[in-house]
Amino acid sequence: MSSYSWIRILLLVLALLRSCSSAKVTYDSNALIINGQRRIIFSGAVHYPRSTVEMWPDIIQKAKDGGLDAIETYIFWDRHEPVRRAYDFSGNLDFIKFLKLIQDGGLFVILRIGPYVCAEWNYGGFPLWLHNIPGIVLRTDNPIYKNEM
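Residues numbered from 1 in each chain as written. Predicted model: local features only at pLDDT ≥ 70, side-chain atom pairs only at ≥ 80, totals over all residues. Heavy atoms only, no water.

1. Focus on the pattern of salt bridges
Tallied over the entire structure, the rule returns eight salt bridges. Between D69 and R39 there is a salt bridge whose closest N-O contact spans 2.9 Å. Taken together, the positions of D69 in the loop between α2 (56-65) and β5 (70-74) and R39 in strand β3 (residues 37-39) put the pair 30 residues apart, joining distant regions of the chain. Taking relative accessible area as the criterion, D69 reaches 14% and is therefore assigned buried. (Salt bridge = Lys/Arg side-chain N within 4 Å of Asp/Glu carboxyl O. Helix = DSSP H or I, 4+ residues; strand = E, 2+ residues; numbered from the N terminus. Buried < 20%, exposed > 50% of the residue type's maximum accessible area, 1.4 Å probe, protein only.)

Okay, structure coming up:
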């Protein structure tokens, strides 16, 4: 497994540990097994930066009422680091608050940490400043890219 994969797994685990209660998740060839119960997850995408914080509880409730048991979302690098080394997790970029609201609503989260966002998002969710770094090659095993990621 590449170091890139390990970093992605570590970030996912840290985000989940900080924001969600503990659940034992395993799988077999047929389904996910969550806390000993075989589950098929029905999820829908809700991208937190595309709505206001005030809208989140209603969106989450509507997802639950519609039969979903999970909400999938990306982490949007371009929104959280619009300027290199300047981070923003305020307002509708507070994904920890968003994840906690989903959990409080009784739903699971499928967290897509990226770094690439494949959701009709400008520049794939990469911050535009990446383009100006000499020697960078995006979405490759490029050390400059991996260092920024």
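2. Regarding the sheet that holds strand β2 (residues 32-34)
Across the sheet, three strands lie side by side as β1-β2-β3; this open sheet has antiparallel pairing. Only two strands of the sheet have a single neighbouring strand rather than two, namely β1 (25-27) and β3. Recorded for the sheet is a direction-independent mean angle of 35° between the axes of neighbouring strands. Here β1 pairs with β2 via three bridges, running antiparallel. Its bridge partner being in β2, T26 is matched across the sheet by I33. (Pairing = 2+ DSSP bridges. Axes fitted to C-alpha atoms, helices over the stretch in contact; angles between N-to-C directions.)

3. Let's talk about the nonpolar core
Formed by 23 residues in total, the largest nonpolar core has its most connected members in Y48, I60, I71, F98 and I102. Taken together, the elements giving at least two residues each to this core come down to α2, β5, α4 (95-104) and β6 (108-112). Examining the composition of this core, we find that five residues originate from one element, α4, more than from any other. Listed in part, the seven residues of the second largest apolar core include W77, F126, W129 and L130. (Core = buried A, V, L, I, M, F, W, Y, C linked by side-chain atoms within 4.5 Å.)

4. Focus: a nonpolar patch on the surface
A grouping of V25, Y27 and L32 is seen on the molecular surface, where their side chains present a nonpolar patch of about 330 Å² in accessible area. The topology assignment puts L32 in strand β2. Since its relative accessible area comes to 35%, L32 is described here as partly exposed. (Patch = residues over 30% accessible without salt bridge, like charges linked within 9 Å, V, L, I, M, F, W, Y side chains within 5 Å. Areas by Shrake-Rupley, 256 points an atom, 1.4 Å probe, with all protein chains shown as cover.)

5. Looking at the environment of L128
Position of L128 relative to the elements: it lies in the loop between β6 and α5 (143-148). For L128, a relative accessible area of 61% corresponds to the exposed category. Each C-alpha atom, one on L128 and one on D78, is 7.3 Å from the other, the two residues being 50 residues apart in sequence.

6. Quick look at the sheet that holds β5
One open sheet holds the three strands; their spatial order is β4-β5-β6, and the pairing between them is parallel. Either end of the sheet is taken by a strand with one partner, and the two such strands are β4 (43-45) and β6. Looking at each pair of strands side by side, their axes are set apart by 25° on average, direction ignored. Bridge analysis of β4 against β5 gives three bridges, and the strand direction is parallel. The residue of β5 that forms the bridge with A45 is E72.

7. Focus on α4
When α4 is considered as a whole, its buried residues turn out to be F95, I96, F98, L99 and I102. End-on view of α4: buried residues confined to an arc of 160°, all on one side of the axis. Residue G106 follows α4 closely and has a positive phi angle near 85°. (Arc of directions from axis to C-beta.)

8. Concerning α2
All buried positions along α2 are accounted for by W56, I60 and A63. Seen end-on, α2 carries its buried residues on one side only, within an arc spanning 60°. Those residues of α2 that are exposed and angled more than 90 degrees off the buried face are K62 and D65. Where α2 is buried, its residues touch β5 and α4. Backbone geometry just after α2 places G67 at a positive phi near 100°. (Contact = heavy atoms within 4.5 Å.)

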